[in-house]
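Report on the structure
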Amino acid sequence: MHMSNRFDRRSFMRISGSGVLAAGLAGPLTACGGSESGSSGSNELVWWDYLVEEARQPGMKALIADIEKQVGVKITRRTFPFAELEPAIIKGAASGDLPDIAIVDNTSMNSFVPQGLLTDLTDRVKEWGQSKAYYEGPWNSGVIDGKTYSVPNNSNCLCLYYNTEMLEAAGVEPPKTWDELAEAAKKLTKGDTFGFAMSAIKTEEGVFQFEPFLWSTGGDLDTFGTDGAKALGFLKELVDAGSLSKQCVGWTQQDANNQFVSGRAAMQINGPWQLPALQDQTKVKWGVVPIPVDKEPASCLGGENWVILKTSGKADQCWEAIVRSQEKTVLAKYLDGLGLLPARSDMADAGKWATDPTLKVFVQEFANARPRSYGANYPQLSQAMAEALQASLTGSSSPQSAARKAASAITPKLQK
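Residues numbered from 1 in each chain as written. Predicted model: local features only at pLDDT ≥ 70, side-chain atom pairs only at ≥ 80, totals over all residues. Heavy atoms only, no water.

**Digging into the overall build of the chain**
Counting its regular elements, the chain contains 18 helices and 12 strands. The 416 residues of the chain split such that 59% are buried. Excluding contacts between residues fewer than 6 apart, the proportion of contacts in the chain whose partners are at least 24 apart in sequence is 78%. (Helix = DSSP H or I, 4+ residues; strand = E, 2+ residues; numbered from the N terminus. Buried < 20%, exposed > 50% of the residue type's maximum accessible area, 1.4 Å probe, protein only. Contact = heavy atoms within 4.5 Å.)

**As for the nonpolar core**
In this structure, W47, I89, L118 and Y334 are the most contacted members of the largest nonpolar core, which totals 74 residues. Residue contributions to this core peak at 6 residues, all from helix α14 (residues 328-338). Once residues lying within four places of it in the same chain are set aside, the contact partners of L118 are M109, F112, V113, Y149, V307, I308, L309 and K310. Listed in part, the 58 residues of the second largest apolar core include V172, F210, A384 and A391. (Core = buried A, V, L, I, M, F, W, Y, C linked by side-chain atoms within 4.5 Å.)

**Looking at the sheet that holds strand β8 (residues 159-163)**
Spatial strand order, β9-β8-β10: 3 strands in an open sheet with antiparallel pairing. Edge positions in the sheet fall to β9 (267-270) and β10 (286-289), since each of these pairs with one other strand and no more. Neighbour-to-neighbour, the strand axes of this sheet turn through a mean angle of 30 degrees, independent of strand direction. Where β8 and β9 come together, 4 bridges link them in antiparallel fashion. When the sheet's bridge partners are listed, Y162 is paired in β9 with M267. (Pairing = 2+ DSSP bridges. Axes fitted to C-alpha atoms, helices over the stretch in contact; angles between N-to-C directions.)

**Here's the deal with the pairing of strand β2 (residues 44-49)**
Within a regular strand, side chains alternate between the sheet's two faces. The buried fraction of β2 is high, at 6 of 6 residues. Every second residue of β2 is oriented toward a common face, with E44, V46 and W48 on one face and L45, W47 and D49 on the other, all of them buried. In this sheet, strand β3 (residues 74-79) lies alongside β2 in parallel orientation, the contact comprising 6 bridges. In the strand pairing of β3, L45 is matched with I75. Crossover β2 to β3 through helix α2 (residues 57-72) is right-handed. Pairing between β2 and strand β4 (residues 101-105): 2 bridges, direction parallel. Directly across from W48, in β4, lies its bridge partner A102. (Right-handed = clockwise from strand over helix to strand, strands pointing away.)

**What about the packing of aromatic side chains?**
Per the counting criterion, the structure on display carries 14 aromatic pairs. Plain terms: the ring middles of W47 and W306 are 5.1 Å apart, the flat faces sit at 90 degrees to each other, and that makes the pair edge-to-face. Pair noted here: W47 is in strand β2 and W306 is in strand β11 (residues 299-308), with a separation of 259 residues, a long-range link. Site record: aromatic cluster; members linked through ring pairs are W128, Y134, W139 and W319. (Phe/Tyr/Trp six-rings, centres within 6.5 Å; stacked < 30°, edge-to-face > 60°.)

**Comments concerning the pattern of salt bridges**
Considering all chains together, one arrives at 14 salt bridges under this definition. Put simply, D66 and R324 hold a salt bridge, and the shortest N to O gap is 2.6 Å. Taken together, the positions of D66 in helix α2 and R324 in helix α13 (residues 315-325) put the pair 258 residues apart, joining distant regions of the chain. In this structure D66 comes out as partly exposed when scored by relative accessible area, which is 21%. R324 sits in the buried class, given a relative accessible area of 17%. A salt bridge links E165 to K285; its shortest N-O distance comes to 3.6 Å. Residue E165 is found in helix α7 (residues 164-169), and its partner K285 is found in the loop between α12 (275-280) and β10; the two are separated by 120 residues along the sequence. Judged by its relative accessible area of 40%, E165 falls in the partly exposed class. (Salt bridge = Lys/Arg side-chain N within 4 Å of Asp/Glu carboxyl O.)

**Digging into the side chain of N163**
Looking at the element boundaries, N163 is found in strand β8. Among the polar contacts made by the side chain of N163, one reaches the main-chain amide nitrogen of M166 at a distance of 3.0 Å. Not counting chain neighbours up to four residues away, the residues in contact with N163 comprise F260, A266, V284, K285 and W286. (Polar contact = N/O pair within 3.5 Å; in protein donor to acceptor, adjacent residues only side chain to side chain.)

Structure representation (structure tokens):
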């Protein structure tokens, strides 16, 4: 895994009272209690996560206290900066320093499962009988080769934000299709304002924003040579028309949002983790709609999953802890307290997201949000897509030849 990109890949994707977890990278490793592998005491569980923002600690503590009381366990929690959790688990597999239970980025399933690090939860899930209560995308991020290895902790996805005043002034409706997006972006481009902004940076962050365009063509990674070319071609046309800044090849999702907040972009693709910043400012009035569609509605899925480490020896107690965390009253309180969205479709009307019209759009878009479940080679697949996006948008090669080149790198790495 090229770790330099891991922070980009995170499901960043997070609404948080304290804003984006940019700080997830900073801060020391904190251990509450020992850091022994799993746990020694018969009722002690060692728990690892990277939900380190200060504003979230009361919510985490409340959940832990509830699980300790209801399940009859003692939890020793250890937190990591985002980029350090996955390497710590991989390294721990060799050293024997592993937790019993962890909350991990859903893309980590791509590396943990093939390495045999996780407990197979298939039978427990079957007996529990609640898998159908979850949106398909979040649930399937933990299903590999027909076996279930995780339960979603929370979810997020991408939508289209638009500046309501700019659209009204230009007599433009929020776009629903690619053609409408291109037309609206052209009309909205004036002076130093571009009609549309997105992140196309050469990391998973840019790929996360590009993938909905690929999937919307009706294609996937196995048809990248043709469908990838179509998606890349559409975005290149926006750049050629002057509707999307050429600078987007260097923009993170935060940069795209800064363009939008400063009035230099009339529309942007982004996630719910931008909401705190948008709600705190008064300069721009905005709304949110699903990402415009070519053939099929599509969004990209971010979020975290609960996993039980194979080395734990306390899978039953860990499972009870997960089940308790998923009880609706417990889960609604946890998600509200941490500024997260539910992966359960049967909770769509049971939290802040039920009354907040913006959050509602994101929750509804989960039905079209897909996980990046492409197996252990995903980092290389992502890199090939990132290179194709850069080459197309900078004009260093045509979308067709960039897509062909990417397809030749992708095809041998796709898991049959």
